[in-house]
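# Structural description and commentary
Here is how the chains run, residue by residue.
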Amino acid sequence: MTTVTKLAVTGMTCGHCVSAVTNELKGVPDVQDVSVELHAGETSLVRVISKLPLAEAPLRDAVDEAGYDVAGVEVLENAVAAESAAQAPGRQATRSLPIIPS
């Protein structure tokens, strides 16, 4: 099972910010991977991948250590199945055949 913890992080503005947050989060035990969707000057989305759910406090501490604030946390357990299910309607729609008038 894969867990994705989504962190809404404020204050990030550049690649250096992304690097700082990524490095701090990768130092948290059991974190497998980190990806950042930067929205300069707004709330950025940070995805933390792990096998099992992670405690929120160490993630918040890591982001704080990098110099930024966590505005929100969302945990998606069994993330691969959940994300596949969420994307299924879109995939289905793109596979429909067009109706051609005769």
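A brief report on the enclosed structure follows. Bear in mind the structure is a predicted one, so any value in this text is a computation, not a measurement. (Residues numbered from 1 in each chain as written. Predicted model: local features only at pLDDT ≥ 70, side-chain atom pairs only at ≥ 80, totals over all residues. Heavy atoms only, no water.)

### Quick word on the pattern of salt bridges
Counted according to the given criterion, the structure contains two salt bridges. Here Arg-47 makes a salt bridge to Glu-37, at a shortest N to O gap of 3.8 Å. Taken together, the residues Arg-47 in strand E3 (residues 43-50) and Glu-37 in strand E2 (residues 31-37) connect sequence positions ten residues apart. The partner of Glu-56 in a salt bridge is Arg-60, with the nearest N and O atoms 2.6 Å apart. (Salt bridge = Lys/Arg side-chain N within 4 Å of Asp/Glu carboxyl O. Helix = DSSP H or I, 4+ residues; strand = E, 2+ residues; numbered from the N terminus.)

### Here we look at the sheet that holds E3
Spatially, the four strands line up as an open sheet ordered E2-E3-E1-E4, and their pairing is antiparallel. Among the strands making up the open sheet, the edge pair consists of E2 and strand E4 (69-76). Within this sheet the neighbouring strands show an average axis-to-axis angle of 20°, counted without direction. When strand E1 (residues 3-10) meets E3, the two strands line up antiparallel, connected through eight bridges. Residue pairing in the sheet places Thr-5 in a bridge with Val-48 of E3. Sheet strands touched by helix H1 (residues 15-26): E1, E2 and E3. Its angle to E2, the strand with the most contacts, is close to 160°. The sheet contacts of helix H2 (residues 56-66) involve E1, E2, E3 and E4, and relative to E4 the element is tilted by about 145°. (Pairing = 2+ DSSP bridges. Axes fitted to C-alpha atoms, helices over the stretch in contact; angles between N-to-C directions. Contact = heavy atoms within 4.5 Å.)

### Considerations on unusual backbone geometry
Positive phi, close to 75°, is recorded for Asp-30, a residue that is not glycine. Residue placement: Asp-30 occurs in the loop between H1 and E2.

### Some thoughts on the environment of Met-12
Following the sequence through the fold, Met-12 ends up in the loop between E1 and H1. Spatially, the C-alpha atoms of Met-12 and Tyr-68 are 7.0 Å apart, while their sequence positions differ by 56 residues. Those residues in contact with Met-12 that sit more than four places away from it in its chain are Cys-17, Val-18, Val-21, Val-36, Leu-38, His-39, Ala-40, Gly-41, Ser-44, Val-46 and Tyr-68.

By themselves, these observations are geometric and do not establish any function.
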